[in-house]
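What follows is the residue order along each chain.
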Amino acid sequence: MTRRLATMALLHALASPSVVPAQSAALTANRFAADIGAAEAVAARGERQEAMLRARRITVSYEQQGARSSSEHASAGRAYVLLGNGNAGAVRSALAAFDRAVAADSNNLDAQRRIGALFLEKYNAPEARASYELVLKRAPADPEALLGLARVEEFEGKGSAMVTARKALEASPTHPDILAYIARLHLDAEAFDSATALAERAVRADSTRLEGWSILGASAWLAGDSTGYRRALRAATALQPQPAQFFTALAESAVRQRRYAEAVRLATDAVRLDSASAHALGVLGTNQLRLGDMNGGRASVERAFALDPFNLWHKNTLDLLDKMQTFRTVKQGRFEVVAPVDDAELLSLYIIPLLERAYDSLSVRYGYRAPTPVRLEFFRQHADFSVRTVGLLGLGALGVSFGSLLAMDTPNAREKGAFNWGSTAWHELTHAFTLGASAHRVPRWLSEGLSVLEERRANTGWGARTTLPWMLAYRAGRIRNVSEMNDGFMRPRYPEETAFSYYQASLFCEWVELTKGPRALPALLTAYRDGADTPSAMQRVLGLSVAEVDAQFDAWIRQRFATELQALAGPTGADSTGSAFVNTMRAAVRMLEVNPDSARVMLERARQLFPSYAGDDGPAWYLARAALEARDTTRALAMLEQVTGRDETAFDANKLEAELRERRGDLPGAAAAAERVLWIWPYDAGDHEALARLASKVGDHARAVRERRAVIALRPGDFMEARLELARALAAAGDTVAARRELLGVLEEAPGYEGAQQLLLALRNKGGAR
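Residues numbered from 1 in each chain as written. Predicted model: local features only at pLDDT ≥ 70, side-chain atom pairs only at ≥ 80, totals over all residues. Heavy atoms only, no water.

Honestly, the overall build of the chain in this entry has me stumped. Any pointers?
Within the chain, the secondary structure is distributed over 40 helices and five strands. C-alpha extents for the chain along the principal axes are approximately 100 × 70 × 55 Å. A buried classification covers 55% of the 770 residues belonging to the chain. Per element, the accessible surface of the chain, about 32,400 Å² overall, is 51% carbon and sulfur. (Helix = DSSP H or I, 4+ residues; strand = E, 2+ residues; numbered from the N terminus. Buried < 20%, exposed > 50% of the residue type's maximum accessible area, 1.4 Å probe, protein only. Areas by Shrake-Rupley, 256 points an atom, 1.4 Å probe, with all protein chains shown as cover.)

Structure, rendered in structure tokens:
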């Protein structure tokens, strides 16, 4: 049976267990209560074999004599859970026992909660949610069910996990597991002080629970607090002499702070302490893969999957690694590109030279050289990209950087015009420099802001720009201050907030450069590398408190966008329906068909009201098309520049600009626009042929050769003709040897191809003349 089928069969069995009728549910003493408590205590100390022996005695008795009560069924289920490491049958038996406990006594909420926990542990979020919701129907304020529901929401990627966890805390203010969970959410959001405070409350509530000490240890380790770390490690070791769980938790915290090499080291320590921990092995293997250790990572994940065949992360990762064995690797200079065979040749023609240019630029700006080779992996299915980065489907990002390993969608993984693959790659490579320059300590919001800023520096039109939704959100007070910006990435309050935070963070970086000079941003990275937190880094580099940064940056934003903010003034901060810009645009669009001249006047007025907006529903795009209809190509080009200079995915506008510039004899300008088209969608052979002709006309023979190679990579219908055109381009570029080699290849397959014969003869005659 294949890995996929085996796993699906196990998951189906877990969701639909066969329930054996319970024996007498009389309210008698639980024969297994003391034994299961002792077995779980032994397991908590890390003594797995002893715990399994004790658990097995319980399950043997249960299987031979049955249960006399709901609580005995539940105790047996807990014993089966202890036996579940690498034993799918024990997991199914655990679920069946918990189901029998609930069937015997519907008021046994503990058993129902354990069903939810087991489903979540085995990555079945819908069933886990249903189980916790059943508890909450009976006891709406049940703190452990609320905690379980928060975990489900986090697993599902919803932003409500913190809200639900706080409800759980309201119901039980000293519950150690709830406090530790909320502390971990704060830690993930890089709110180290509040994470530490909450974890301290957790260990005060129950110092025998390892979770609180793990959070304290992780927080201290991340902050460089060696005293606090040693204290937490001593407490964890007292509870678990081989504290694999503690080191695994530290490794996971390192991952969330993008410190992948340290995560591998910590997970290695955890595996050394407990070689049968599927959790530790999984964390180790996943991060080995993120660092490019493909063989070591695969081996670790395979060991983890053998121990826990329900783990979707590991199953998906192994399936993807199987698929990646069919990919092609292109190595050139400081980079290697790994992509599906049909994409590797085409994409490498463009992405490697671009990244070489980016590497040179970024190494100068940040005074740091990322380790090479840098590996870039392309995935044609976005689901595969999601698996490569987080192990599950559903990641909304376009690319990711783990340092010197980058991963991203191929351009055809999304619809045409959905994203700019050149700026995405530049963005991710920037992370390799900002993470490295800060020893992977830069907060996410600043790293993302720097990457977006570098996109805008890289090429005309690239990088996030001002949008109408962002401006409306700013007017409505829905954009966070710098002091809270990390929450915009880690705990977004509404679906668009993460995207808005990218742009806001990039504006902060612009503001720093304008007010403090170009050396200030690298100095911030150095401050983080040296262990400073954000308030300390701001004071050290900018000479400002966080409150002063918030106030001065906000004042700069309001001054920079004063015209736009005024144009969007509506009845309330959140309502622009009556604003001058919105009213003018609506009137202009209605007028286009009836009175184009009046419409153009109104569109020009709208452009003056909101000059920085260049969306495909903005005034500049409408004005460009109106000018074209009036045969005013000068005006049309001026408006198209407004669009293509501010919108990195303006496919139609760039195509039109290239066409108009060529028509007017501006061949370099036409070639530049045609080049921008290819960074949005490189799969149209006609676009490559057009750029090849333009490049040849302006004497850019290297670009013409690249474009002819791109046509061949797309496997056109007339393949021999495409190779002949490549030979012509090579000859024009002065590479006679390569041109002859290409022609000989053509004639080997098509000996009578007259065009190839003639060109080969001409090249030989030319060579003889010399």
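How should I be thinking about helix α9 (residues 161–171) in this particular structure?
Each α-helix winds once per 3.6 residues, and so residues spaced three or four apart point in a common direction. Listed in full, the buried residues belonging to α9 are A161, M162, T164, A165, A168 and L169. For α9, the buried positions fall inside an angular range of 160° around the axis, keeping them on one side. (Arc of directions from axis to C-beta.)

Which parts of the structure should I look at to understand the pairing of strand β2 (residues 335–339)?
Consecutive residues of a regular strand have side chains that alternate between opposite faces of the sheet. Burial within β2 is extensive, with five of its five residues counted as buried. Side chains of β2 alternate between two faces, with F335, V337 and A339 and E336 and V338 buried alike. Relative to β2, strand β1 (residues 328–332) runs antiparallel, the two sharing five bridges. The residue bridging V330 from the neighbouring strand is V337, located in β2. (Pairing = 2+ DSSP bridges.)

What is the right way to read empty space enclosed by the protein from this model?
Once rolled over the atoms, a probe with the size of a water molecule shows which space is left empty. For the coordinates displayed, the defined rule picks out two cavities of 30 Å³ or more. Along the wall of the largest cavity there are 13 residues; nearest its centre are T286, L289, T317, V387 and R388. Sorting the residues of the lining of the largest cavity by element identifies α16 (278–290), α18 (312–324) and α20 (382–390) as the ones contributing at least two each. Sorting elements by how many residues they give to the lining of the largest cavity places α18 first, with five residues. Of the residues assigned to the lining of the largest cavity, the class counts are seven nonpolar, four polar and two charged. In terms of lining, the second largest cavity is formed by N420, T460, G461, W462, T644, D647, E648, N654, R676 and I680. Residue composition of the lining of the second largest cavity, grouped by class: two nonpolar, five polar and three charged. (1 Å grid on protein atoms, 1.4 Å probe; cavity = no way out; pocket = protein on both sides within 12 Å on 5 of 7 lines; lining within 4 Å. Points joined across faces, edges and corners; volume = space filled by probe spheres on them. Nonpolar A, V, L, I, M, F, W, Y, C, P; charged D, E, K, R; others polar.)

Can you help me understand helix α30 (residues 580–591) in this one?
Taking 1.5 Å of rise per residue, twelve residues should cover 16 Å, and α30 covers 16 Å from first to last C-alpha, within 8% of that figure. Among all positions of α30, only F581, V582, T584, M585 and A588 are buried. Buried residues of α30, viewed axially, fall in a sector of 165°; they line one side. Buried residues along α30 sit in contact with α23 (468–475), α29 (562–567), α31 (596–609) and α32 (619–629). (Expected span 1.5 Å × (residues − 1). Contact = heavy atoms within 4.5 Å.)

In this structure, what is going on with the sheet that holds strand β4 (residues 399–401)? I would like to understand it.
Two orientations exist for strands paired in a sheet by backbone hydrogen bonds: parallel and antiparallel. Across the sheet, five strands lie side by side as β1-β2-β3-β5-β4; this open sheet has mixed pairing. The open sheet has two free edges, formed respectively by β1 and β4, since each of these has just one partner strand. Here the strands of the sheet are splayed against their neighbours by 15° on average, with no regard to which way each runs. Packing of helix α19 (residues 341–366) onto the sheet brings it into contact with β1, β2 and β3 (374–379), and relative to β2 it is tilted by some 150°. (Axes fitted to C-alpha atoms, helices over the stretch in contact; angles between N-to-C directions.)

How should I be thinking about the layout of surface pockets in this particular structure?
What the second largest pocket holds in volume is close to 890 Å³. For the second largest pocket, the lining is made up of 40 residues, of which E190, A191, F192, D533 and T534 are closest to its centre. At the level of secondary structure, the elements contributing two or more residues to the lining of the second largest pocket comprise α11 (192–205), α12 (210–223), α13 (226–239), α24 (485–490) and α27 (534–542). Among the elements that make up the lining of the second largest pocket, the one with the highest residue count is α12 (six residues). Tallied by class, residues from the lining of the second largest pocket come to 17 nonpolar, eleven polar and twelve charged.

I tried to follow the packing of helix α14 (residues 244–256) against helix α15 (residues 260–273) on my own but got confused; where do I start?
When two helices pack together, their arrangement is given by the angle between the helix axes and by the axis-to-axis distance. Between α14 and α15, the least distance of the axes is 8 Å, while the angle of their chain directions is 165°. With respect to α15, the element α14 is oriented roughly antiparallel. Both α14 and α15 take part in a crossing whose hand is left-handed. Here A244, F247, T248, L250, A251, A254 and V255 of α14 lie close against α15, whose contacting residues are Y260, A263, L266, A267, D269, A270 and L273. Of the residues that constitute the contact of α14 with α15, the class distribution is twelve nonpolar, one polar and one charged. (Parallel < 35°, antiparallel > 145°, perpendicular 65-115°, else oblique. Left-handed = near helix turned anticlockwise from the far one by under 90°.)

Explain the pattern of salt bridges here, please?
Side-chain pairs of opposite charge can arise whenever the charged atoms involved come near each other. This model, assessed by the stated rule, comprises 68 salt bridges. In this structure, E72 and R68 form a salt bridge, with 3.4 Å as the shortest nitrogen-oxygen distance. Judged by relative accessible area, which is 36%, R68 ranks as partly exposed. (Salt bridge = Lys/Arg side-chain N within 4 Å of Asp/Glu carboxyl O.)

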